[in-house]
Amino acid sequence: MARVAFARHLYRFFPALQGREISVKAATVAQAVAELDRQFPGLAFYLVDEQGKLRQHVNIFIEEELIVDRDRLSDSIQPQARLFVMQALSGG
Amino acid sequence: MPARKPQRKPQKKSSRPKALSTGPSRLILGTRKGTIVLERGRTGWKAGQLAHGGVAVSYAARDERTGTWWAALEHGHWGPKLSRSADGEKWEDAPQIKYPEGTRYIDGYLNDDGSAAGVEAAMASAKPLRPKLVKAALKKIWYLGFGGADQPGRIYAGTMPGGVFVSDDNGESFELNMPLWNHSSRGGDLSEGECLGAKTFWFGGGAGVNGEHTPGIHSIFFDPRNSRRWFVALSCAGVLETSDDGKTWQGRNKGLLATFLPKPDVEWGHDPHYVMLSKNDPDHVWMQNHCGIFYSADGAQSWKMVSKEGRTAHFGFPVAADENDGKTAWVVPGVADDKRMAVGGALCVAQTQDGGKSWEELRKGLPQENAFDVVYRHALDIKGDALAFGSTTGNVYFSANRGKDWISLGYNFPPVYSVRFA
């Protein structure tokens, strides 16, 4: 199971994310996002658009590496990996 | 014994004109920093608690039929979202608007090697156009409209990229209107293949909070005599009408002028900033266009420019049509498209009562120096004799007497995107 940590900004819209360990069983980032949406309905649409593309100002890291495939989220996830869902600092 | 005449108490004279303290008593603002409800109490107008604090709200309104409040959010990071509230105070994410799988639109043209082709070169080439097809994803909910009394549950959402989503269950679900999405003016059905030769006449358009520019639909209104007949206006293409509740669409751009194009009287390519009809005189339709003010006395079948460059009333974004007298309308002028600011540093609302033949400038109560306010397309509203507007510099003004007198409801609001009586 991969563990997922979130930018605290998301706690405002999904209070249930705060203060608990969140794990997903997923082989790719796309599967992880789908699983997160099952656990927290509506969350996926905050991270990706309706075509499954990562939103322009959202970043997902596997360990310390930014994912490569922002369009289809096909980057693979090792079991026990740590995922970080962050807002991109796109401005100043 | 004769009945004693009741003694009348001497009336205290109010220092405020009566006209300013009557009329509707609630407004909802969509602003750069959230949703604000303003209410008129015994001591004047007051702003309630801010909702969606820090989030841009492109449009907010209340559906009078159900009492539900709606706000279209533009999160900087998390994408556009629809929010709703039963009481204007506690808000929640509504079921979201999403483009169906397979919906694509043309975003430029490609050379055979896949590089971007200049539009002019692509159009001039003898080869069939190779469109660059982009999968549609919601960039902005720009407008929300509510259906007629005979259409309970009907809600319209105008979006970027240019779509109309229709709900018939009070917003529990929305469906993209496909006949408009697949209209010939934007290249027809683009759902499969390379669509060689497909060409769109929709271009440019409004900006999302993240700066995206795609054509977007900002005006949706129906004929109160027949709510199956409705209209949309978009930037940039023009106006379209359906008379069969969205099954087929016809352009309604006769008489419009796009002075930013080599041939201004084109069929498509117009930039209406906002379009509205007179509720009880619905053959009279008003448009504040990028290129001037246009008026139709025949239900948008033909348009006539009723403003002149160089005059105060010409450029701007919003327009409000009188509910009963279709020849009367109000605009909030700016200088010009290359100088989007109040005319002469003085804020005014211009009113016509003769179908645009003449315009009167209404200034009483509005700042007449050091004003830079621009009023966006959804930031002027009308209800009965009451008018209200909000500006990009965070000023909100109200008039209960058709614009003759104005009072400020606050000077330090965030940039205002929408103002609606609620």
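Residues numbered from 1 in each chain as written. Chains lettered and ligands numbered in written order. Predicted model: local features only at pLDDT ≥ 70, side-chain atom pairs only at ≥ 80, totals over all residues. Heavy atoms only, no water.

**Re the nonpolar core**
What tends to happen in soluble globular proteins is that the nonpolar side chains get buried as a cluster. B:Leu38, B:Val164, B:Trp230, B:Val232, B:Phe389 and B:Phe398 are the most contacted members of the largest nonpolar core, which has 81 residues in total. Every residue in contact with B:Val232, bar those within four places of it in the chain, is listed here: B:Val164, B:Leu180, B:Ile217, B:Ser219, B:Ile220, B:Gly238, B:Val239, B:Leu240 and B:Trp249. One finds A:Ala32, A:Leu36, A:Leu43 and A:Ala44 within the second-largest nonpolar core, a separate group that totals 30 residues. (Core = buried A, V, L, I, M, F, W, Y, C linked by side-chain atoms within 4.5 Å. Buried < 20%, exposed > 50% of the residue type's maximum accessible area, 1.4 Å probe, protein only. Contact = heavy atoms within 4.5 Å.)

**Focus on the layout of surface pockets**
If you add up the space inside the largest pocket, you get close to 950 Å³. Lining the largest pocket are 31 residues, and of these B:Tyr143, B:Phe146, B:Phe222, B:Met276 and B:Lys279 lie nearest its centre. (1 Å grid on protein atoms, 1.4 Å probe; cavity = no way out; pocket = protein on both sides within 12 Å on 5 of 7 lines; lining within 4 Å. Points joined across faces, edges and corners; volume = space filled by probe spheres on them.)

**Some thoughts on the packing of aromatic side chains**
Under the criterion given, the structure shown has 20 aromatic pairs over all chains. For the ring pair A:Phe14 and A:Tyr46, a centre distance of 5.0 Å and an interplane angle of 85 degrees mean the geometry is edge-to-face. Placement of A:Phe14 in the loop between strand S1 (2-6) and strand S2 (22-24) and of A:Tyr46 in helix H2 (residues 44-47) is noted, with a sequence separation of 32 residues between them. Look at B:Tyr99 and B:Trp181: their rings are 5.3 Å apart centre to centre, the planes differ by 55 degrees, and that puts the pair in the tilted class. With a gap of 82 residues between them, B:Tyr99 in the loop between strand S7 (91-93) and strand S8 (104-110) and B:Trp181 in helix H2 (residues 178-181) connect regions that are remote in the sequence. What makes B:Tyr99 buried here is its relative accessible area of 3%. Of the residues examined, B:Trp181 reaches a relative accessible area of 3% and is grouped as buried. An aromatic cluster of at least three residues, connected via ring pairs, comprises B:Tyr99, B:Tyr105, B:Phe165 and B:Trp181. (Phe/Tyr/Trp six-rings, centres within 6.5 Å; stacked < 30°, edge-to-face > 60°. Helix = DSSP H or I, 4+ residues; strand = E, 2+ residues; numbered from the N terminus.)

**Side note on the interface of chain A and chain B**
Listed by partner, the interface residues are 16 residues for chain A and 22 residues for chain B. Note on chain A versus chain B: buried area summed over both sides is about 1,600 Å², and carbon and sulfur give 58% of it. The largest contributions to the chain A side of the interface with chain B come from A:Phe45, A:Glu50 and A:Gln51, which together make up 40% of the buried area. Counting the contacts that link chain A with chain B gives zero salt bridges. Put simply, chain A and chain B have eight residue pairs in polar contact (both at pLDDT 80 or more) between them. Of all the secondary-structure elements, those providing two or more residues to the side of chain A that touches chain B are H2 and strand S5 (82-87) of chain A. Residue classes in the side of chain A that touches chain B are distributed as eight nonpolar, four polar and four charged. (Buried area = accessible area lost by both parts, 1.4 Å probe. Salt bridge = Lys/Arg side-chain N within 4 Å of Asp/Glu carboxyl O. Polar contact = N/O pair within 3.5 Å; in protein donor to acceptor, adjacent residues only side chain to side chain. Nonpolar A, V, L, I, M, F, W, Y, C, P; charged D, E, K, R; others polar.)

**Section: helix H1 (residues 29-39) of chain A**
Residues and elements named next belong to chain A. By the burial criterion, the buried members of H1 are Val 29, Ala 32, Val 33, Glu 35 and Leu 36. Relative to the axis of H1, the buried residues are bounded by an arc of 165 degrees and lie together on one face. In this structure, the buried side of H1 is in contact with S1, S2, H2, strand S3 (58-62) and S5. (Arc of directions from axis to C-beta.)

**Thoughts on the sheet that holds strand S14 (residues 175-176) of chain B**
Ordered in space as S11-S12-S13-S14 (chain B), the four strands form an open sheet in which the pairing is antiparallel. Since the sheet does not close on itself, it has two edges, and those belong to strand S11 (140-146) and S14 of chain B, each with one partner. (Pairing = 2+ DSSP bridges.)

**Structural notes on the sheet that holds strand S4 (residues 56-63) of chain B**
Residue and element names in this part refer to chain B. Pairing is antiparallel across the open sheet formed by four strands, whose spatial order is S4-S5-S6-S7. A single partner strand is all that each edge strand has here, and the edge strands are S4 and S7. Taking the axes of each pair of neighbouring strands and ignoring which way they run, one obtains an average angle of 25 degrees across the sheet. Bridge count between strand S6 (residues 79-85) and S7: three bridges; the pairing is antiparallel. When the bridges of S7 are listed, Arg 84 appears paired with Glu 92. (Axes fitted to C-alpha atoms, helices over the stretch in contact; angles between N-to-C directions.)

**Quick notes on unusual backbone geometry**
All names here are of chain B. Between Met 160 and the following residue, Pro 161, the backbone shows a cis peptide bond with an omega angle of -5 degrees. Considering the arrangement of structural elements, one finds Pro 161 in the loop between strand S12 (155-160) and strand S13 (163-167). Residue Cys 236 is reached from Ser 235 by a cis peptide bond, and omega for that bond is 0 degrees. For Cys 236, the location among the structural elements is in the loop between strand S16 (226-235) and strand S17 (238-242). You will see that Cys 195, though not glycine, has its phi angle at about 55 degrees, which is positive. With respect to the helices and strands, the residue Cys 195 is situated in the loop between H2 and strand S15 (216-223). Under the relative-accessibility criterion, Cys 195 is labelled buried at 16%. Here the phi dihedral of Arg 402 falls at roughly 65 degrees; this positive angle occurs in a residue that is not glycine. Relative to the helices and strands, Arg 402 is located in the loop between strand S29 (396-399) and strand S30 (407-410).

That is the geometry; function is a separate question.
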